[in-house]
Amino acid sequence: MAMSLTNVRLMVRNISDLDTTDLPNSVLDDFVKEAFQRIIVLERRWPKYQETYTFNTVANQRAYTIATIGDIREVISLVDTSTSGSRLTMIPYDNAEEIWLGNTDVASRPYFYALWDGQLHLYAKPDAVYPITVRAYRNPVYTWLTSITQTIDCDEWFHILLVYFVLSRVYQRQEDPELSQMYLKSFEEGVAMARRDLMKTPSARPMLLSGGRQYPTMRRWLQTLGATLGT
């Protein structure tokens with residue numbers, strides 16, 4: 001069941017039998033936020049935060065600030081969706097700045113990208129406008145802390161577990177280590193179980209052996225710009 005901060009407050013108070021005098025909302029909410037953040041930092045790719053964004057390149061502009069594209073936590077892929085487009089291959093920034101240097105830094109259709117300083121860097125720098133689709137994981141939002149009837153921004157698996165963590169902190173404040181530890185253990189075990197299920201590899205996913213993948217964008221680049229680097 002999806003829960004809001006209001007639901008969490010009510011459940012905590014029903015179990016602990018504490019009113020707002022003994023347990024102010026401000027303290028309770030801090031505990032909820034702490035539990036939420038403990039869960040979020042365990043993974044950078046929670047399925048809940050999958051998003052798709054789009055932007056257009058600008059001729060002769062290499063760098064694009066990620067924050068202007070979306071509230072992105074981690075980029076997964078870039079695809080040039082124009083007629084002759086392809087999926088761009090991510091490469092290390094160090095390699096890119098070594099290859100696209102001086103006379104080799106010629107504007108053309110980009111086939112590669114690198115991440116540096118909160119920006120997407122396209123290689124080669126675009127020679128025209130290309131529509132780019134970005135698959136990424138967004139950052140979690142915290143508006144549910146102020147709009148208290150809004151659903152908490154994490155997978156529903158974790159909602160009831162937030163209650164357990166808050167109760168652990170509540171009983172810790174009351175110097176009841178046994179109850180505190182009991183609820184903390186329930187929180188940690190529940191998070192571990194949910195994490196295993198949510199992050200499990202799909203059974204239909206093909207297995208890749210040591211040979212790895214062949215990237216058509218790499219082959220295309222080697223046949224064009226890459227083939228002339230030594231001349």
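Up top is the structure.
Residues numbered from 1 in each chain as written. Predicted model: local features only at pLDDT ≥ 70, side-chain atom pairs only at ≥ 80, totals over all residues. Heavy atoms only, no water.

K.L.:
I'd like a rundown of the overall build of the protein, residues and numbers included.
P.N.:
Looking only at helices and strands, the protein features seven helices and seven strands. Overall, the protein shows an N-to-C arrangement of helices and strands of α-α-β-β-α-β-β-α-β-β-β-α-α-α. In the protein, which comprises 231 residues, the share counted as buried stands at 39%. Across the protein, every contact between residues at least 6 apart in sequence was considered, and the portion connecting residues at least 24 apart equals 71%. (Helix = DSSP H or I, 4+ residues; strand = E, 2+ residues; numbered from the N terminus. Buried < 20%, exposed > 50% of the residue type's maximum accessible area, 1.4 Å probe, protein only. Contact = heavy atoms within 4.5 Å.)

K.L.:
Pulling in residues and values, what's your account of the sheet that holds strand β2 (residues 63-65)?
P.N.:
Spatially, β1-β7-β3-β4-β5-β6-β2 is the arrangement adopted by the seven strands of the open sheet, whose pairing is mixed. Both edges of this open sheet fall to β1 (50-56) and β2, since each of them pairs with a single strand only. Here the strands of the sheet are splayed against their neighbours by 35 degrees on average, with no regard to which way each runs. Where β2 meets strand β6 (residues 119-123), three bridges bridge the pair, whose relative direction is antiparallel. Within β6, the residue paired with Y64 across the bridge is L120. (Pairing = 2+ DSSP bridges. Axes fitted to C-alpha atoms, helices over the stretch in contact; angles between N-to-C directions.)

K.L.:
Outline the pattern of salt bridges, supporting the account with residue identities and numerical values.
P.N.:
What the rule picks out here adds up to eleven salt bridges. Of the charged contacts in the structure, one is a salt bridge between E74 and R45, with a shortest N-O distance of 2.9 Å. Of this pair, E74 sits in strand β3 (residues 72-80) while R45 sits in the loop between α2 (25-40) and β1, placing them 29 residues apart in sequence. R138 is the salt-bridge partner of E51, the closest N and O atoms lying 3.4 Å from each other. A residue pair is termed long-range when its members are at least 10 positions apart, and E51 in strand β1 and R138 in strand β7 (residues 131-138) qualify at 87 residues. Here the salt bridges do not stand alone but share partners, grouping E34, R38 and R169 into one network. (Salt bridge = Lys/Arg side-chain N within 4 Å of Asp/Glu carboxyl O.)

K.L.:
Tell me about empty space enclosed by the protein, and name the residues and values.
P.N.:
Under the definition given, this model contains one cavity of 30 Å³ or more. Space inside the largest cavity adds up to approximately 70 Å³. What lines the largest cavity is I39, I40, W46, P47, K48, Y49, C154, D155, F158 and L198. When the residues that make up the lining of the largest cavity are grouped by side-chain class, the tally is eight nonpolar, no polar and two charged. (1 Å grid on protein atoms, 1.4 Å probe; cavity = no way out; pocket = protein on both sides within 12 Å on 5 of 7 lines; lining within 4 Å. Points joined across faces, edges and corners; volume = space filled by probe spheres on them. Nonpolar A, V, L, I, M, F, W, Y, C, P; charged D, E, K, R; others polar.)

K.L.:
Describe helix α5 (residues 159-173), naming the residues involved and giving the relevant values.
P.N.:
Helix length check: α5, at 15 residues, gives a terminal C-alpha distance of 22 Å against a target of 21 Å (1.5 Å per residue), a fit within 8%. For α5, a buried count of eleven out of 15 residues is recorded, marking the element as mostly surrounded by other parts of the structure. Among the residues making up α5, those that are buried are H159, L161, L162, V163, F165, V166, L167, S168, R169, V170 and Y171. Taken together, the buried residues of α5 touch α1 (5-16), α2 and α6 (177-198). Downstream of α5 by a residue or two, E175 has a phi angle that is positive, lying close to 55 degrees. (Expected span 1.5 Å × (residues − 1).)

K.L.:
Got a sec to walk through the side chain of E43? Specific residues and values, please.
P.N.:
Here E43 shows up in the loop between α2 and β1. Here the side chain of E43 touches R195 through a polar contact of 2.9 Å, side chain to side chain. (Polar contact = N/O pair within 3.5 Å; in protein donor to acceptor, adjacent residues only side chain to side chain.)

K.L.:
Quick rundown of the packing of aromatic side chains? Include the residues and the values.
P.N.:
Going through the model one piece at a time under the given rule, you end up with eleven aromatic pairs. Ring geometry for W100 versus Y123: centroids 5.1 Å apart, planes at 40 degrees, classification tilted. With W100 in the loop between α4 (93-99) and β5 (112-116) and Y123 in strand β6, the pair connects residues that are 23 residues apart, well separated along the chain. For W100, a relative accessible area of 5% translates into the label buried. For Y123, a relative accessible area of 3% puts it in the buried group. (Phe/Tyr/Trp six-rings, centres within 6.5 Å; stacked < 30°, edge-to-face > 60°.)

K.L.:
Before we move on, could you go through the pairing of β3 and cite the residues and values that matter?
P.N.:
Strand residues, when the strand is regular, have side chains that alternate between the two faces of the sheet. Among the nine residues that make up β3, eight are buried, leaving the element largely enclosed by the rest of the structure. Note that β3 and strand β4 (residues 87-90) share two bridges and pair antiparallel. Within β4, the position partnered with L78 by the bridge is L88. Linking two consecutive strands that pair antiparallel, namely β3 and β4, is a turn of six residues.

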